[in-house]
Amino acid sequence: MNRPNIVILGAGYGGIMTAVNLQKKMSAEEANITLVNKHDYHYQTTWLHENAAGTLHHDRTRISIKDVVDFNKVNFVQDTVQSIDPKSKTVKLEDGELSYDYLVVGLGFESATFGIEGLKEHAFSIQNINSARLIRDHIEYNFAQYNLEKEERQDLITIIVGGAGFTGIEFVAELANRIPELCQEYDVPKDKVRLINVEAGPTALAGFDPELVEYAMNRLEEKGVEFKLGTMIKKVNEEGIIVEKDEEQEEIKSKNVIWAAGVTGNSIVQESGFETNRGRVPVRDDLRTPDYDDVFVVGDCAVIMNPDTERPYPPTAQIAIQMADTVAHNLKQLVSGSDKLEGFTPNIQGTVASLGHTDAIGVVFDDKKLFGRSASVMKKAIDNRYLLKLGGVGLVLKKGKLDMYH
Ligand code: FAD
Ligand code: NAD
């Protein structure tokens, strides 16, 4: 094979880091590298809840692909992937077709809706820049509308967030900080606003350190968040949601329902016939699919098992970024004619969840617990370290969270 075609699908954490790693490892003569993405920008999914709440502008979250990818070495195609045919080694795009010798699938996640009635039609979810921007605008519109109504319309200023996993909690925390500003801007009495977090399980942040969970819940309750634990969202309609707790149903009226209760791999992967486990590909050690030696999967489209817990690792940006190192290394090996591929082992350096601009909780370096400002500084340091890896000091200065201490 002379000058093989390497095609990377998706410019999320896994896809763009694979491209950036490859452009460092390979010369343009070694392979034709093509990166395909829906937009001409990469976005930091881990900041989208801030964009959705309106506490951070989405232009801080997105990064122009041309600013980090060397177009002399990587051919960028802005298009939408429709399907993959691993047998004929082709990818169908909205506007054409690509053939590959090696493929990297990094198409990210979708909301898992678990077949809940009305969810797709009536709830929002935090998935990308477009959906985050829509949530921000929608909430603002309803706050603006409130004082124009002749009758009391509590549903306009009731915000419901489904799920108290990391996404739900981080989003609720941003909203809790944003609501006082919204109230001032739109002359809405703050004591009338309801911010409700509905969680099916008995606790928020299941499986996380209980002391840190308690800290987070106390902080959020102090800011007016109402938690409904052990409460399952059963249905969503135009009026709001139907929840169930202890076999009793309740209707909560709200025009602002945001579903943050779980994710699955991009459905294109399953629909293209790859073996999947709940929508994600159970990749081999070297991150190739079980059936195809020329297809790698990075990020949320892949699932890997944690041998200690015998459960899958939760899909995270941290793992997606690390996977991109292994995939780039393995591609370099294959292109150089070697079949000595490296196995992937995640190096989990900790988990830190933001609770707004200056507050957070986290466990780092195995078992060190962090609360409040020190956790928040750590979170921003993690974000800045990613930007440094992606685009160097210039990118950190342009897009980083440098306001760490205030
Ligand atoms: P993604 O980041 O989902 O990117 C996928 C890319 O593919 C996007 O650029 C998209 O535009 C593109 N794409 C999708 N479909 C197509 C198509 N059909 N055609 C062309 N392009 C397409 N993890 C952490 O480790 N730490 C955190 O603090 C953290 N915070 C989070 C906060 C929020 C609000 C959310 C939602 C998740 C958070 N996560 C966090 C999880 C983390 O964001 C994901 O695990 C990570 O984004 C997965 O990266 P990825 O490369 O698989 O894909
Ligand atoms: P998740 O699966 O971790 O949490 C979803 C929550 O929704 C669960 O607690 C679940 O019990 C609840 N739920 C499910 N169905 C429900 C229903 N019908 N009614 C009410 N509650 C329901 O999903 P997530 O929070 O979106 O996180 C996705 C991934 O992203 C995870 O791997 C997470 O670790 C990662 N993430 C990490 C961070 C961080 O590290 N700071 C932040 C955000 C997300």
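Predicted, not measured: the structure shown is a model, and the values here were computed from it.

## Remarks on the pattern of salt bridges
- Scanning all chains against the criterion turns up 22 salt bridges.
- Residues Glu-251 and Lys-253 are paired through a salt bridge, measuring 3.8 Å at the closest nitrogen-oxygen approach.
- Overall, Glu-251 belongs to the partly exposed group, its relative accessible area being 39%.
- Each of the salt bridges in this network shares a partner with another, and the network as a whole consists of Lys-66, Asp-67 and Lys-398.

## Things to note about the site of ligand 1
- The full set close to ligand 1 counts 31 residues, and Gly-14, Thr-45, Val-81, Asp-300 and Lys-379 are the nearest of them.
- The separation between an oxygen atom of ligand 1 and a polar side-chain atom of Thr-45 is 2.9 Å.
- When ligand 1 sits alone it has 1,000 Å² of accessible area, and the protein chains cover 91% of it.
- Counting only elements with at least two residues in the shell around ligand 1, the list comes to helix H1 (13-25), helix H7 (166-186) and helix H10 (317-335).
- Counting residues per element, the shell around ligand 1 draws most heavily on H10, at three residues.
- When the residues that make up the shell around ligand 1 are grouped by side-chain class, the tally is ten nonpolar, 16 polar and five charged.

## Looking at the packing of helix H6 (residues 129-146) against H7
- It is the contact of H6 with H7, at a shortest axis distance of 11 Å, that shows an interaxial angle of 35°. In this structure, H6 crosses over H7, and the sense of that crossing is right-handed. Each of Ile-135, Ile-139, Glu-140, Phe-143 and Ala-144 in H6 lies in contact with H7, whose residues at this interface are Phe-171, Leu-175, Arg-178, Leu-182, Cys-183 and Tyr-186.
- Among the residues making up the contact of H6 with H7, the classes are represented as nine nonpolar, no polar and two charged.

## Topic: unusual backbone geometry
- Even without glycine at this site, Phe-114 takes up a positive phi of about 50°.
- Mapped onto the fold, Phe-114 is located in the loop between strand S10 (109-111) and helix H5 (119-122).
- A positive phi is found at Asp-187, a non-glycine position, where the angle reads about 55°.
- Considering the arrangement of structural elements, one finds Asp-187 in the loop between H7 and strand S13 (194-198).

## So, the sheet that holds strand S12 (residues 158-162)
- Taking strand neighbours across the sheet as the criterion, the five strands line up as S11-S18-S12-S13-S14 in an open arrangement whose pairing is parallel. Strand pairing shows two members of the sheet lacking a second neighbour, strand S11 (124-125) and strand S14 (225-228), which therefore form its edges.

## Quick look at the site of ligand 2
- Taken together, 23 residues lie near ligand 2, and Thr-167, Glu-199, Ile-233, Pro-315 and Val-352 sit nearest.
- Thr-167 is positioned such that a nitrogen or oxygen atom in its backbone is 3.0 Å from an oxygen atom of ligand 2.
- Backbone polar atom of Pro-315 to an oxygen atom of ligand 2: 2.8 Å apart, as the coordinates give it.
- A total of 850 Å² of accessible area belongs to ligand 2 in isolation, and the protein chains cover 77% of it.
- For the shell around ligand 2, the secondary-structure elements that each account for two or more residues are H7, strand S15 (232-236) and strand S25 (350-354).
- Its residues assigned to classes, the shell around ligand 2 shows 15 nonpolar, six polar and two charged.

## Some points on the nonpolar core
- If you look at the biggest cluster of nonpolar residues, it comprises 66 residues, and the most contacted ones within it are Ile-6, Leu-9, Ile-16, Leu-35, Leu-103, Leu-331 and Leu-390.
- Ranked by residue count, the leading element in this core is H10, at ten residues.
- Split by domain, this core shows at least three residues from each of two domains, domain 1 (5-111 + 263-347) and domain 3 (349-406).
- Leu-390 has contacts with Ile-16, Met-17, Val-20, His-42, Ile-63, Val-68 and Leu-395, leaving out every residue within four places of it along the chain.

## Concerning the domain arrangement of the protein chain
- When cut into domains, the protein chain gives domain 1 (5-111 + 263-347), domain 2 (119-259) and domain 3 (349-406).
- On a C-alpha basis, the centres of domain 2 and domain 3 stand 25 Å from each other.
- Domain 2 puts 15 residues into the contact, and the matching count from domain 3 is 17 residues.
- Buried area between domain 2 and domain 3, both sides added, is near 1,200 Å², and the carbon and sulfur share of it is 67%.
- Three residues, Glu-170, Leu-212 and Tyr-215, lead the burial of domain 2 against domain 3; their summed loss comes to 40% of the area buried on that side.
- A salt bridge links Asp-209 to Lys-369, with the shortest nitrogen-to-oxygen separation between them at 3.1 Å.
- Where domain 2 meets domain 3, there are six residue pairs in polar contact (both at pLDDT 80 or more).
- For the side of domain 2 that touches domain 3, the secondary structure elements donating two or more residues are H7 and helix H8 (210-222).
- A total of six residues in the side of domain 2 that touches domain 3 trace back to one element, the largest contributor, which is H7.
- Looking at the side of domain 2 that touches domain 3, its residues break down into eight nonpolar, one polar and six charged.

So, how was this worked out
Residues numbered from 1 in each chain as written. Chains lettered and ligands numbered in written order. Predicted model: local features only at pLDDT ≥ 70, side-chain atom pairs only at ≥ 80, totals over all residues. Heavy atoms only, no water. Salt bridge = Lys/Arg side-chain N within 4 Å of Asp/Glu carboxyl O. Buried < 20%, exposed > 50% of the residue type's maximum accessible area, 1.4 Å probe, protein only. Near = heavy atom within 4 Å. Polar contact = N/O pair within 3.5 Å; in protein donor to acceptor, adjacent residues only side chain to side chain. Areas by Shrake-Rupley, 256 points an atom, 1.4 Å probe, with all protein chains shown as cover. Helix = DSSP H or I, 4+ residues; strand = E, 2+ residues; numbered from the N terminus. Nonpolar A, V, L, I, M, F, W, Y, C, P; charged D, E, K, R; others polar. Axes fitted to C-alpha atoms, helices over the stretch in contact; angles between N-to-C directions. Left-handed = near helix turned anticlockwise from the far one by under 90°. Contact = heavy atoms within 4.5 Å. Pairing = 2+ DSSP bridges. Core = buried A, V, L, I, M, F, W, Y, C linked by side-chain atoms within 4.5 Å. Domains from an automatic or database assignment. Buried area = accessible area lost by both parts, 1.4 Å probe.

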